[in-house]
Each structure stands twice: as structure tokens, then as C-alpha cells.
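Residue strings, one per chain:
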Amino acid sequence: MQENRSEKKNPDVLIDAILDSYKEYPVTTRLLGKSILNRTIIIEVLEKLRQVLFPGYYDQSKIRPEYVRYLVGAHLEYIQYHLSKQVAIALGSQDAEDDVKTSDLMEKAESIVDDFLGEIPKLREYLASDVEAALNGDPAAYSMEEIILSYPGLSAITTYRIAHELWIRHIPLIPRIMSEYAHSMTGVDIHPGAEIGKYFFIDHATGIVVGETTQIGDNVKIYQGVTLGALSTRKGQQLRGVKRHPTLGDKVTIYANTTVLGGETIIGDNATVAGNTFLVNSVPSDMKVSMRAPELEYRSDSTHTEEK
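Residues numbered from 1 in each chain as written. Predicted model: local features only at pLDDT ≥ 70, side-chain atom pairs only at ≥ 80, totals over all residues. Heavy atoms only, no water.

Undergrad: Would you mind going over the packing of helix α7 (residues 152–167) against helix α8 (residues 174–186) with me for this structure?
TA: Two quantities define a packed helix pair, namely the angle between the helix axes and the distance between the axes. Where α7 contacts α8, the two axes come as close as 8 Å, and the packing angle between them is 175°. By the angle between their axes, α7 is roughly antiparallel relative to α8. Counted together, Pro152, Ser155, Ala156, Thr159, Ile162, Ala163, Leu166 and Trp167 of α7 and Ile174, Pro175, Arg176, Met178, Ser179, Ala182 and Thr186 of α8 form the full contact between these two elements. Counted by class, the contact of α7 with α8 contains 10 nonpolar, 4 polar and 1 charged residues. (Axes fitted to C-alpha atoms, helices over the stretch in contact; angles between N-to-C directions. Helix = DSSP H or I, 4+ residues; strand = E, 2+ residues; numbered from the N terminus. Parallel < 35°, antiparallel > 145°, perpendicular 65-115°, else oblique. Contact = heavy atoms within 4.5 Å. Nonpolar A, V, L, I, M, F, W, Y, C, P; charged D, E, K, R; others polar.)

Undergrad: It is not clear to me how the packing of helix α5 (residues 120–137) against α7 should be interpreted in this structure. Could you clarify?
TA: It is at 11 Å that the axes of α5 and α7 come closest, and there the two elements cross at 155°. Put simply, α5 runs roughly antiparallel to α7. Two packed elements cross with a definite hand, and for α5 against α7 that hand is right-handed. Between α5 and α7, the residues in contact are Lys122, Leu123, Tyr126, Leu127, Asp130 and Val131 and Leu154, Ile157, Thr158, Arg161 and Glu165, respectively. Across the contact of α5 with α7, the residue classes break down as 6 nonpolar, 1 polar and 4 charged. (Left-handed = near helix turned anticlockwise from the far one by under 90°.)

Undergrad: Help me out: how do you make sense of the packing of aromatic side chains in this one?
TA: The description of two aromatic rings rests on the distance between their centres and on the angle between their planes. Applying the stated criterion to the full structure yields 2 aromatic pairs. Ring plane angle 70° and centroid distance 6.2 Å describe the contact between phenylalanine 54 and tyrosine 58, whose orientation is recorded as edge-to-face. Here the aromatic rings of tyrosine 223 and tyrosine 255 are separated by 4.8 Å at their centres, their planes lie at 20°, and the arrangement is stacked. Placement of tyrosine 223 in strand β6 (residues 221–223) and of tyrosine 255 in the loop between β9 (253–254) and β10 (259–261) is noted, with a sequence separation of 32 residues between them. Residue class for tyrosine 255 comes out partly exposed when judged on its relative accessible area of 35%. In this structure, lysine 48 packs its charged tip against the face of tyrosine 78, placed 5.3 Å from the ring centre. In this structure, arginine 50 is placed above the aromatic ring of tyrosine 58, and the distance from its NZ or CZ to the ring centre is 5.9 Å. (Phe/Tyr/Trp six-rings, centres within 6.5 Å; stacked < 30°, edge-to-face > 60°. Buried < 20%, exposed > 50% of the residue type's maximum accessible area, 1.4 Å probe, protein only. Lys NZ or Arg CZ within 6 Å of the ring centre and 35° of its normal.)

Undergrad: Just checking my understanding: could you explain a negative patch on the surface for this structure?
TA: Together, Asp12, Asp16, Asp20 and Glu24 give the surface a local cluster of negative charge. Its place among the elements puts glutamate 24 in helix α1 (residues 11–24). Among the residues examined, glutamate 24 registers a relative accessible area of 53% and is labelled exposed. (Patch = residues over 30% accessible without salt bridge, like charges linked within 9 Å, V, L, I, M, F, W, Y side chains within 5 Å. Areas by Shrake-Rupley, 256 points an atom, 1.4 Å probe, with all protein chains shown as cover. Salt bridge = Lys/Arg side-chain N within 4 Å of Asp/Glu carboxyl O. Lys, Arg positive; Asp, Glu negative; His and termini not counted. Charge placed at Lys NZ, Arg CZ, Asp CG, Glu CD.)

Undergrad: I would appreciate a short explanation of the environment of glutamate 146 in the present structure.
TA: Position of glutamate 146 relative to the elements: it lies in helix α6 (residues 144–150). Considered as a pair, glutamate 146 and leucine 135 are 11 residues apart in the sequence and their alpha carbons are 9.3 Å apart. Leave out the neighbours within four places in its chain, and glutamate 146 touches Ala140, Ala141 and Tyr151. Polar side-chain contacts of glutamate 146 include one of 2.8 Å to the backbone nitrogen of tyrosine 142. (Polar contact = N/O pair within 3.5 Å; in protein donor to acceptor, adjacent residues only side chain to side chain.)

Undergrad: In this structure, what is going on with the sheet that holds strand β7 (residues 227–229)? I would like to understand it.
TA: The pairing of strands in a sheet comes from backbone hydrogen bonds and takes either a parallel or an antiparallel form. Here 5 strands make up an open sheet; going across it, the order is β1-β4-β7-β10-β13 and the pairing parallel. Each end of this open sheet is capped by a strand with a single partner; those strands are β1 (188–190) and β13 (278–279). The pairing of β7 with β10 spans 3 bridges and is classified as parallel. Among the inter-strand pairings, leucine 228 is bridged to a residue of β10, identified as valine 260. (Pairing = 2+ DSSP bridges.)

Undergrad: Would you mind showing me how to read the sheet that holds strand β5 (residues 215–216) here?
TA: Across the sheet, 4 strands lie side by side as β2-β5-β8-β11; this open sheet has parallel pairing. Edge positions in the sheet fall to β2 (195–196) and β11 (266–267), since each has one partner strand and no second. Relative to β5, β2 is paired through 2 bridges, and the arrangement is parallel. Opposite isoleucine 196, over in β5, you have isoleucine 216 as the bridge partner.

Purely spatial values, then, with no claim about function.
In C-alpha cells:
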């Protein structure tokens, strides 16, 4: 029996075709110009930051107390060096039209990273409140160790809090690389531009979307499938910088698969929104909102009814 085999293409013909596509679609090609960001390094920096924020939890071996100072110093040196280089590249890409000296970019990047690293104690304060919120809010959680090591919601929040600090320092692209990495790993999509208070708990995590201009107060709890989004994105870039995502007050709870849309939509303090709810209007404080439950109809299936 003769075996069917496709004819092998001439490699030179294939290479020429690929090179032609580079010219035809230049938006997906970057062969000239300044250095490009290294996504692998950025993710490695993110993981080093996680080790600093949760010492002993993500290290490969047990940390002895007398070595903590040395290890933190080593981590910070790694972060400072590699993150500064990536920030300089990001700033250079932003100023592509300007003739900015590499030394000036590096000096600016190092200053920004030093300022960012100075926020680590504050980040730890916020994250400690997030862990406490998860433990108090989830009866299935048996320890803080379980939450820190296994909860995807906390992992996403940790990355968000790091990325947000870079975002508010006007670092291009790097915060989005971090947040989208967390998105791919946890199923939680939190834009680094969102503003989120302390004691934030994401239960079950999967399918959550928090848009760029979302504002969330303290002690807020949201469940899987919740979307805090924009009403319409048809105007595209014309809406850049416009408040287009909702605001949640303090002590708000939003249950699973609920959608809240619009920059003028405000969910007041202590409000509760039931699952599978669609909201484009504000909710006053201390209110409970739910969709009217659909009617369930029960009837016997005659094909499975035994004749007597």
C-alpha cells in the first residue's frame, strides 16, 4: 500500500513567503528600533517580589531567621538591577520620537524603581489585610498558609498591587505584562489602573474582570464570574482616560456571575448584589439587589412513566 505523503516544500520558498509577510504586516514585526522588553525577565522580577512580600512561602528552601536580612538584600538587588533595565527600555519606547540618552533613561528608571521598592512595607500591609479577609470570608479556608500558597484570588490581588504601584508611576507596558500574566495563571483579569482598597477578597476567582477605571473601597468581597466593566467601547481610543467603569463603596458584596457596568454606576456602602444580576444603575447604600427568580416548571416525562 502506497503511503500518502505531502510534498515537502522548498525551505527557501517558505522563508521568502514569511519574510514577505513581515513587510505586509509590519504592525506585528519589530526588527528595527530600540530594545524590546523581556517578558521572561519581568515575570522573574514579579516572582522575586512575591518572595519579598511573602518571605518563606515561595522560596525553594527553608529560610533561617538569621539569614533573612541577607536574602532580602539579595532579592532587592536582583529586582533593582533587572527591573530598572526593563523600566528604562519601557521609558525609551514611550519616548521613541525623542533623542533621549540611554544614561538619562537609566537614571530615571533607577529613581522610579527605588521609589517603588520603598512601597513594599505598605504593600505588605495591604496584602496582610487581603489574607485576613479571605480567612474570615471563606469557611473553607483552614489557615493563612492555605490561602497564601493556593488561592488564585490572592495571587491575582498580589500581582495587581505590584502592577498598580508601577502603573501610578506612569511606567508603560510592564504593569500590563504583569497583570495579563496573572490573568493567564488565575483566570482573574484586574487592570493595574483600577483602585482597590484594603481587605479585598476574591472568592473562587475564575472569570472575574475588573476594568481600568474601577474604584473599589475597603472590605469588599466579589465572587467568580463578576464583571466590573464599561457600558460601551465602540468609541475606542476616544474613551481613553474617561471614567467608564463602576465604583464600589466599602463593605460591598457582589455574588457570582453578576455584571456591573458604567462609569456613573455607584454601588453604595454595605450594599449586596445577588448572583446573575445585570446592573447599569447605581445602588444606594445598605441595599440588597437581586434579579427576580425565574419560575421553574416541573412535569413528568411520559417516555419514562411506567404504565400500570
